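The residues making up each chain are set out below.
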Amino acid sequence: MGKPRTPSFLLCMLVLKMLPTLATTVNYADPTSQPAVTEQTTPNIKIIESQFKCYEKMQRDPVYNKSGLYCNRTWDGWLCWDDIPAGSHSSQSCPDYFHDFDTTEKATKYCDETGNWFRHPDNNRTWSNYTLCNLHSHGKLKMTLIMFYLTIVGHALSMASLSISLGIFFYFKSLSCQRITLHKNLFCSFMLNSLFTIIHLNIIGNKNDLVKEDWVICKVVQFLTQYMMGCNYFWMLCEGIHLHTLIVVAVFVEEQHLHWYYLLGWGFPLVPACIHAVARVKYFNDNCWMSAETSLLYIIHGPIMAALIVNLFFLLNIVRVLVTKLRDTHHAESNMYMKAVRATLILVPLLGIHLIIFPWRPEHKLAGEIYDYIMHILTHYQGLLVSTIFCFFNGEVQAALKRQWVQYKAQWGHRRRDHCSMRSASYTATSISEVPVYLYHHDSNSDQLNGKHGEDSEITMLKARETYA
Amino acid sequence: MLFSFSAHHFILVTTCENALYSQFIQEFCFDSFKFVMDATDEKYWCDWEKTQSSYGDLTNCTILIAEKLKCYWPNQVVDDFFITIHRNYFKNCPLTGRAPRDPPNNVLCAFIMVPMLITLLMTALVVWRSKYNEGIV
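Residues numbered from 1 in each chain as written. Chains lettered and ligands numbered in written order. Predicted model: local features only at pLDDT ≥ 70, side-chain atom pairs only at ≥ 80, totals over all residues. Heavy atoms only, no water.

Caption draft 1: Summary view of the overall build of chain A. Looking only at helices and strands, chain A has 17 helices and eight strands in total. Of all 469 residues assigned to chain A, the portion counted as buried reaches 53%. A sequence separation of at least 24 residues applies to 72% of the contacts in chain A between residues at least 6 apart. Accessible area of chain A: about 21,400 Å², with a carbon and sulfur share of 64%. (Helix = DSSP H or I, 4+ residues; strand = E, 2+ residues; numbered from the N terminus. Buried < 20%, exposed > 50% of the residue type's maximum accessible area, 1.4 Å probe, protein only. Contact = heavy atoms within 4.5 Å. Areas by Shrake-Rupley, 256 points an atom, 1.4 Å probe, with all protein chains shown as cover.)

Structure follows, in structure tokens:
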């Protein structure tokens, strides 16, 4: 299975490299790119510990039982290497002993055809290739810093725009509907997700002690971040199910019980997060659970992908129903519903696409950098995107804001406390002189649908009037 | 320690001789390590906090002698030497050195498929429940 490498995990690992620790003791230009231990340099404690673990593993592992020549297991001074058949390469992640070593790069060792480890031609010394570990460190460090700030800015902007949107939704009681209630919950989950991600990055980036000593709080924050990520996607699923129920399953039913949506959106994401925590503790209990080299992360990403695919299926089903069944009979409504669905239909792929293109980072340097930028923007600016599409581009919200602005300007008396269904009717009534009766009956549903522009629904109704007059 | 080289051991070294290296680390490094380990209680041998310093000294000793004999460190002799040490002193210690690794494939599949199936079931449940709610028009 391919290993998921979340940009934020890579970011975390590289940010750790900013910490002042020992610099490498060797010059990598010369062939002795090996731990050149001399009397002056004493190996640091981490290396001694790794050495201990290596020899323990070496004496414990079963004897090599395949036929043919092979190279014996060995400790090369920095990393442990298993028995491998002659004529093959072995590779593992670069160690983290030195601050200019990139742990996402690979160190390699070659076993030649005679069953001996590769010796460097210059001094005939057994040699492992650590050159990739610090080759691009300086440039990478710069990129990492840029990505780190991009992430923080993205989440901060998301939190700001989400809180403004929430403020708008809570302030304008006239906007209150079931769909808006779902939006409020969605925005809350995005805000909490941004908050926990910022906390998590700060813990990893700055407070070295928490990471080095493997404190529990580090893992708790990681758990909460993953729970919140699950909540985001499951609330999007709730939105999709709500629309589906409204349009396809029980048409024109207004009030659904929201308890099940709350359960799916807030309660259910605990399940994959807890299973991941248990699996991690039992099998892959690394420092702060930071490693992205494990397939256990699919425990979180699998249900999220399932939720996205199911959501997409629901939305496509809605579009199918709208296009085929309502086209002939309810032209006006189908257009309005289409506009409502359009917002969700745009969002679901945008929220999901970074999970799909994730594993395919281009090899080429420039393309890789562009990929990193795009992935970071898609991942960390989602809150901003969601609040913009669901709130700021919403015709009803824009209308409510305009009205408020007009009221303040004209210094009218009391704010009209309109009921959800009556507000829309009165809005359209002020703009259109005559409206057919049947459109009033369905106005209550149009309020739950977020048309992109208020004027469009107005024009649609005008057209409907012409058609049916 | 190095000053206790006796005269017949003092040889002009130009290239590394594995036999000589092996002999020296047995004589000079292993003996002092053995002395320290025999002095501590056997139940503390697996306690890394306690054995860390003597293990570190042993490693440093092998490095210094390698330096003196113009041998590259580490090498096959060092590997064999330490494997023997581990067999004698750290054989039954609880597994510390295992790099974290994924569980076997069947366990991993179970861990991944179960949440995905529960997700689909939960979604179906929510759709079903919202379908049969009483509507208020």
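So much for the structure itself; the text now carries on.
Caption draft 2: Molecular detail of the nonpolar core. Counting 52 residues, the largest nonpolar core has A:Phe187 and A:Leu264 as the members making the most contacts within it. Dropping the residues within four chain positions of it, A:Leu264 is found in contact with A:Phe234, A:Leu237, A:Cys238, A:Ile241, A:Pro269, B:Met122 and B:Val126. (Core = buried A, V, L, I, M, F, W, Y, C linked by side-chain atoms within 4.5 Å.)

Caption draft 3: Examining the state of the cysteines more closely. In the structure shown here, the tally under the stated rule is six disulfides over all chains. Paired by a disulfide, A:Cys94 and A:Cys133 hold their sulfur atoms 1.9 Å apart. Here A:Cys94 and A:Cys133 share a disulfide; its torsion about the S-S bond, -85°, makes the bridge left-handed. Highlighted residues: A:Cys94 in the loop between strand E5 (88–93) and strand E6 (106–111) and A:Cys133 in the loop between strand E8 (125–126) and helix H3 (137–171), separated in sequence by 39 residues. Exposure class is identical for A:Cys94 and A:Cys133. Each is buried. Each sulfur of the disulfide joining B:Cys16 and B:Cys71 lies 1.9 Å from the other. Torsion about the S-S bond of the B:Cys16 and B:Cys71 cystine: about 90°, corresponding to right-handed handedness. You can see B:Cys16 sitting in the segment before helix H1 (18–39) and its partner B:Cys71 sitting in the loop between helix H2 (48–68) and helix H3 (76–89), a full 55 residues away along the chain. For B:Cys16, a relative accessible area of 32% corresponds to the partly exposed category. (Disulfide = S-S within 2.5 Å.)

Caption draft 4: Region of the structure containing the packing of helix H8 (residues 270–283) of chain A against helix H4 (residues 105–131) of chain B. The contact between H8(A) and H4(B) brings their axes to 10 Å, and the two run at 170°. Classed by the angle they form, the pair H8(A) and H4(B) counts as roughly antiparallel. Contact residues: H8(A) offers A:Val271, A:Pro272, A:Ile275, A:Ala279 and A:Tyr283, while H4(B) offers B:Val107, B:Phe111, B:Pro115 and B:Ile118. Class assignment of the residues belonging to the contact of H8(A) with H4(B) gives a composition of nine nonpolar, no polar and no charged. (Axes fitted to C-alpha atoms, helices over the stretch in contact; angles between N-to-C directions. Parallel < 35°, antiparallel > 145°, perpendicular 65-115°, else oblique. Nonpolar A, V, L, I, M, F, W, Y, C, P; charged D, E, K, R; others polar.)

Caption draft 5: Molecular detail of the interface of chain A and chain B. Each partner contributes to the interface: chain A provides 62 residues, whereas chain B provides 53 residues. Buried surface at the junction of chain A and chain B, both sides included, amounts to about 5,300 Å², of which 69% is carbon and sulfur. Sorting the residues of chain A by area buried against chain B places A:Phe52, A:Gln59 and A:Trp260 first, and these three jointly supply 14% of that buried surface. Along the contact surface separating chain A from chain B lie zero salt bridges. Counting the contacts that link chain A with chain B gives eight residue pairs in polar contact (both at pLDDT 80 or more). (Buried area = accessible area lost by both parts, 1.4 Å probe. Salt bridge = Lys/Arg side-chain N within 4 Å of Asp/Glu carboxyl O. Polar contact = N/O pair within 3.5 Å; in protein donor to acceptor, adjacent residues only side chain to side chain.)

Caption draft 6: Quick look at the pattern of salt bridges. Residue and element names in this part refer to chain A. Enumeration over the complete set of coordinates arrives at twelve salt bridges over all chains. A salt bridge links Lys140 to Asp102, with the shortest nitrogen-to-oxygen separation between them at 2.9 Å. Note that Lys140 is positioned in helix H3 and Asp102 in the loop between E5 and E6, a separation of 38 residues in sequence. On the basis of relative accessible area, Lys140 is assigned to the partly exposed category, the value being 24%. A salt bridge links Arg179 to Glu239; the nearest nitrogen and oxygen atoms lie 3.9 Å apart. Separated by 60 residues along the polypeptide, Arg179 in helix H4 (residues 178–205) and Glu239 in helix H6 (residues 216–249) bring together distant segments of the chain. Look at the salt bridges and you will find they share partners, linking Lys57, Asp61 and Asp82 into a network.

Caption draft 7: Broad picture of a nonpolar patch on the surface. On the surface, A:Ile353, A:Ile356, A:Ile357 and A:Trp360 cluster together into a nonpolar patch covering about 400 Å² of accessible area. Tracing the sequence through the fold places A:Ile353 in helix H10 (residues 331–356). (Patch = residues over 30% accessible without salt bridge, like charges linked within 9 Å, V, L, I, M, F, W, Y side chains within 5 Å.)

Caption draft 8: Main features of the confidence of the model for chain A. Residue and element names in this part refer to chain A. Confidence along chain A averages 76 in pLDDT terms, with 74% of residues attaining 70 or more. Segment residues 1–33 is flagged for pLDDT under 50; beyond a separation of four residues in sequence, or across chains, it makes 98 contacts in the model. Residue range residues 418–469 is modelled with pLDDT below 50. Its contacts to residues more than four positions away, or to other chains, number 87 contacts. (pLDDT = per-residue confidence, 0-100.)

Caption draft 9: A look at the confidence of the model for chain B. All names here are of chain B. Per-residue pLDDT for chain B averages 81, and the proportion of residues at 70 or more is 82%. This stretch, residues 1–8, has a pLDDT under 50; its non-local contacts, to residues over four places away or in other chains, come to six contacts. Reported confidences for the modelled complex are a pTM of 0.68 and an ipTM of 0.73.

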